[in-house]
Amino acid sequence: MSTSVFGQSIPRVDGPLKVSGGARYAFEFNQSGQLYAVIVNATIGIGRIVSIEATGVEQMPGVRAVISHLNAPKLTYSPHKGVIDPAVGERLRVFQDEQIRFFGQPVAVIVADTLDQAEHAATALRLRYDAQAPLTEIDDPRAQPIVAQQTAAANARVAADRERGSADQAFADTDVKVDAIFRMARENHSPMEPHATVASWEGDSLTVWSKSQYVLNERAELAAIFGIPPENVLVICPFVGGAFGTSLRTWSHVGIAALAARVVGRPVKLALTRKQMFLDTGHRPRTDQRIAIAATNQGKLTAIIHEATAETSRYEEFIEGITNQTEFLYSCPNVRTRYRLVPTDTSTPTYMRAPGECTGMHALECGLDELAAALDLDPIELRRRNEPTVDESNGRPFSSRSLLQCLETGAERFGWSQRNPRPGSMRDGRWQIGWGVAGSTRGAPQAPADASVRLLPDGRVEVASATSDMGPGTYTSMAQVAAATLGVPVERIKFELGRSDMPTAPSHGGSWTMASVGNAVRSACLAAQDAAVRRAVEDPASIFHGLTADVLHWKDGTLGRKNGEGPRLDQVALLRGGMPIDVRTTASRSTDIANRYSMYGYAAFFTEVAVDADLGIVRIRRMLGVYGIGKVVNPRLARSQCIGGMVGGIGMALMERTVLDQRDGRPVNAHMADYLVPVNLDVPTLETQFLDEQDDAVNPLGIKGIGELCIIGVAPAIANAVYHATGKRVRELPIRIENLLGA
Amino acid sequence: MMPFTVAQVASEREAITSAGGGGRYIAGGTTLIDLMREEVERPSSLVDINRLSLRHIRLERNALVIGALARMAEVAAHPEVRRVHPLIAEALEEGASPQLRNMASIGGNLMQRVRCPYFRMLDAACNKRSPGSGCAAIEGVNGGHAILGTSESCAATHPSDLAVALVALDATMRVRGPQGERRFPIIDLYRLPEDKPHLEHTLRPAELILDVHVPVQPFAVSGRYLKVRDRSSYEFALVSAAAVLDVRNGVVRAARVACGGVGTRPWRMPAVEAALIGQRPTRANFETAAAHATQGARALSGNGYKIALLPRTITRALEMAGEKV
């Protein structure tokens, strides 16, 4: 394997296309005769539409249609819930009634000849509402927390209540403890590429070029909305310009584009404005958490209590695993977790990079840091003293576990031993310097996935799966898996993705694309080699004719006898200008493996911050991440992903928050000048290091996944560093100047 | 966007005539186009003045003269500007983003509209955009709003960093209109909102900004601009301060202090300046003087932190200026 392309830092195979503008994104698939659609959004928080004055607007230049609940066709909206849709509740049905459930709900769509005409008409459309006062904040005194239906059972994936031992009793009985509330802002994904859909009907068949991390679910949802068979819907999305989860679900604008195209009988292009991307395309929910941890004087944990409350909409129960890591990350006999939702008059939240985990781990990792301070113990040593030998939430062994190795490797490289533990003790001129650390963990999932492989007589190999590439480098890493498995140069591999008529792939989110699709590609390549062997022994013209398959084997891209006798043939020689070899296979994790092990990736983050205590300014000076993620297919791409995670973590820690006007639920900073994400000046040199880790249990390729793990733990490392710099605990994210004044 | 026409003009006279017919001047377009896309601004005609010869940057007798069409980036990079008025270069570099600074003109910068979120949302009440409709910010989200010069009608801050620096430096502005040319201090360009926040400036109809004149004084080389914000770049000031100090024989002889992010217009701080005169340039004396900055300040529900941050920002800006004396 030393010469294999698997594990090599080759450049992105689609890099030249991306930097030359050759990569086509959903918005760029112009269709002949295409019209433009612009959505009109509700301007009240809750209530109903009383009237729509469309007549004048319909007469405006270029306007082809003004579609609202008054004239929209009744749509089928068959039951459909993909794995990324909330299991409880019902999705927003556009233009089917006069009810307004949240500020910004689509109430009409204008279709016109040009974008300018459609935008102008959208501004001119007058609606009258009967408005009521919405409830928009989870800490509103009127808020009513509920147990989400899916979380009611104790063995639920995300449980409302779960306990081992007697956490409250143990907490009360222990002397050294922390008990803190963490308040975290709502975040919006804010990728560079806006949501966009081009929709075109031909009879009862629909084609959409649509920004999506999950083309198969988009197909299923569109089929359900319009009551047509899924085979009649084709979803195409070869490139995604960042998503972070916002393009997993099929939001209302996709159906609106298709509806508009059907009404006007022409292809229709619809893109959301930046402002609209804060209305109905999901968000990381606003949360409040209580973390209470107790330990003996020797630093052995005796109790952990973790209670989380998150917002959801009134019409769907969005759940995510905020407290799950707390159940197993550290050894502790008494652990109690609690999870509640507060339905508010806002749109439904959704998965955003490391959904739940990076929220919950912020509270846990800050709580542990507070406990270490209370014990006057190094935070790494505290974790060392509470390292579990098995997953205490279910008694299973770890397939591999590298938290301490990540912490210790990182401590060595970062120079952690030079840290003066006393807060406020390190300075650089006017700046107070703080060093912080936090751990990270995330499950190593694998979903069933299909891939097809075609071996062509000229030596090329075509591989396909209906997955996506929102940035991690799927095109490149899958080509590497195929090349390594087949033993051919990576230049011969063409991997294709992003079409709903390709072999089934799971959603491109949740850090499972490499493990799921990668292993499917591997399986398909092996199956293609098997098929080639079968053809060779059956083909009278082949030099291997008449042999049994078990005497032959593939090595470095050639087929020959295992005993070394006779010639070896490569793909071109073997196929001799004949028919290509086509295979399609599925790969999945066995139930046995899934039930036998506790499978997680781990990481540790170290950061140095500088705080100007007079002015409350926090700047990151350096950051190091060390990761135990099994095999790394392409270190260059993995490093990019990890750096992206750190930048996202800096945003989460210091800048990102969606602010709602409580009077109507309006996001007031729905603009890239006002919804702050880090700029270059906020990001110092970021260092990454991957442990050499072999985990044979997780899957044949040994992949654990990295996309979520690499943001979890970044924010608490920063918050802990801010404490170390200032002696002040800010238990609110983002940590802003306002919070630190007077530190 | 509303349909509109564009007239490209080749002379100041032609520009003023076109604007007199109802056209709006456009140079870099970094503010106006944005607002037109949102239909917050709805001009039916634009007068493109980019061809006019107003891009000069030069030293004249005792003033630095900056043409209205000079771009932010080229002014900031100009060696004479950096030499005689480093405060201006620093204020420009702290503003916007590199892309915007390449496009945005000095005249446009000084005329930019407020960043209050409600001003930019057609469905929200805003006395500035729609006189008499009310102010959504005063009872709404107002963490970025002003604490000085506010009224019951409006509390939006003036967003220009450059204007803060120019106000500190006693700059004047030369304009030409149908009635001819006039010149006045830049501080007089800006109105307080009072009960008419839609009237933001004192330019008369069709008046065209020609250039800005900044007196050159030897001690201006001490000038510093400090912009405090959560993001290191491309964010409007929570609080900013321009500070210039003239220190001779260990005593402050003259001081210029103006602030941004806190006032409904660029806010000169005469009480702070007066308190510095005759004092030694020490942190303690800076703090004592800076405490005068919040006289008359009124916080809304979300911007109380600015009352704490304002004197700290001034103190630090004075320390920075003091280091260059």
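All values reported here derive from a predicted model rather than from experimental measurement. (Residues numbered from 1 in each chain as written. Chains lettered and ligands numbered in written order. Predicted model: local features only at pLDDT ≥ 70, side-chain atom pairs only at ≥ 80, totals over all residues. Heavy atoms only, no water.)

Visitor: I tried to follow the overall build of chain B on my own but got confused; where do I start?
Guide: The helix and strand tally for chain B stands at eleven helices and twelve strands. A compact globule built from 325 residues would reach a C-alpha radius of gyration of about 20 Å, and chain B, at 19 Å, matches this within 12%. When the backbone C-alpha atoms are referred to their principal axes, chain B occupies close to 60 × 50 × 35 Å. Buried positions account for 58% of the 325 residues belonging to chain B. In chain B, of all internal contacts separated by at least 6 residues, the share reaching a separation of at least 24 is 64%. Charge centroids of chain B, computed over 40 positive and 32 negative side chains, lie 3 Å from each other. (Helix = DSSP H or I, 4+ residues; strand = E, 2+ residues; numbered from the N terminus. Rg over C-alpha atoms; globule rule 2.2 N^0.38 Å. Buried < 20%, exposed > 50% of the residue type's maximum accessible area, 1.4 Å probe, protein only. Contact = heavy atoms within 4.5 Å. Lys, Arg positive; Asp, Glu negative; His and termini not counted. Charge placed at Lys NZ, Arg CZ, Asp CG, Glu CD.)

Visitor: Hey, could you run me through the overall build of chain A in this one?
Guide: The helix and strand inventory of chain A stands at 16 helices and 32 strands. Scaling as 2.2 N^0.38, a compact globule of 743 residues should have a C-alpha radius of gyration of about 27 Å, and chain A matches this with 27 Å. Dimensions of chain A, computed from the C-alpha atoms along their principal axes, are close to 85 × 75 × 50 Å. Residues counted as buried form 64% of the 743 residues belonging to chain A.

Visitor: What is the right way to look at the environment of A:Ile493 in this model?
Guide: Residue and element names in this part refer to chain A. By secondary structure assignment, the location of isoleucine 493 is in strand 22 (residues 493–496). Isoleucine 493 gets classed as buried once you look at its relative accessible area, which sits at 10%. If sequence neighbours within four positions are ignored, isoleucine 493 has contacts with Val461, Val463, Ala479, Ala482, Ala483, Leu486 and Val488.

Visitor: I tried to follow the pairing of strand 8 (residues 208–215) of chain B on my own but got confused; where do I start?
Guide: Strand residues, when the strand is regular, have side chains that alternate between the two faces of the sheet. All names here are of chain B. Counting buried positions along strand 8 yields seven of eight residues, so the element is predominantly enclosed. Across five bridges, the pairing between strand 6 (residues 172–177) and strand 8 is antiparallel. Residue valine 175 lies in a different strand from strand 8, and its bridge partner there is isoleucine 209. (Pairing = 2+ DSSP bridges.)

Visitor: Even after reading the chapter, I still don't get the domain arrangement of chain B, so can you show me in this structure?
Guide: It is common to report an interface's size as the accessible area lost on association of the parts. Residues and elements named next belong to chain B. Domains assigned within chain B are domain 1 (5–48) and domain 2 (54–325). With 16 residues of domain 1 at the interface, the matching set in domain 2 holds 20 residues. Buried area between domain 1 and domain 2, summed over both chains or domains, comes out near 1,400 Å², and the portion from carbon and sulfur atoms is 67%. Considering only the surface of domain 1 that becomes buried against domain 2, Glu12, Ile16 and Val40 emerge as the three largest contributors, covering 35% of it. Here domain 1 and domain 2 share two salt bridges between them. (Domains from an automatic or database assignment. Buried area = accessible area lost by both parts, 1.4 Å probe. Salt bridge = Lys/Arg side-chain N within 4 Å of Asp/Glu carboxyl O.)

Visitor: Got a minute to help me understand the interface of chain A and chain B in this structure?
Guide: Counting from both sides, the interface comprises 38 residues of chain A and, opposite them, 41 residues of chain B. With both chains or domains summed, chain A and chain B bury close to 3,300 Å², and 52% of this area falls on carbon and sulfur atoms. Between chain A and chain B we count seven salt bridges in total. Of the charged contacts in the structure, one is a salt bridge between B:Glu323 and A:Arg430, with a shortest N-O distance of 2.8 Å.

Visitor: Looking at this model, I keep getting lost on the domain arrangement of chain A. Mind explaining?
Guide: Residues and elements named next belong to chain A. Segmenting chain A into domains produces domain 1 (15–22 + 447–588), domain 2 (31–132 + 191–243 + 247–278) and domain 3 (149–186 + 284–445 + 595–740). Here the C-alpha centre of domain 2 lies 39 Å away from the C-alpha centre of domain 1. Taken together, the contact between domain 1 and domain 2 spans 18 residues of the former and 18 residues of the latter. Its largest share of buried area at the contact with domain 2, domain 1 owes to Met470, Ser500 and Ser507, together 38% of the area lost on that side. The tally of links from domain 1 across to domain 2 stands at zero salt bridges. Residue composition of the side of domain 1 that touches domain 2, grouped by class: seven nonpolar, seven polar and four charged. (Nonpolar A, V, L, I, M, F, W, Y, C, P; charged D, E, K, R; others polar.)

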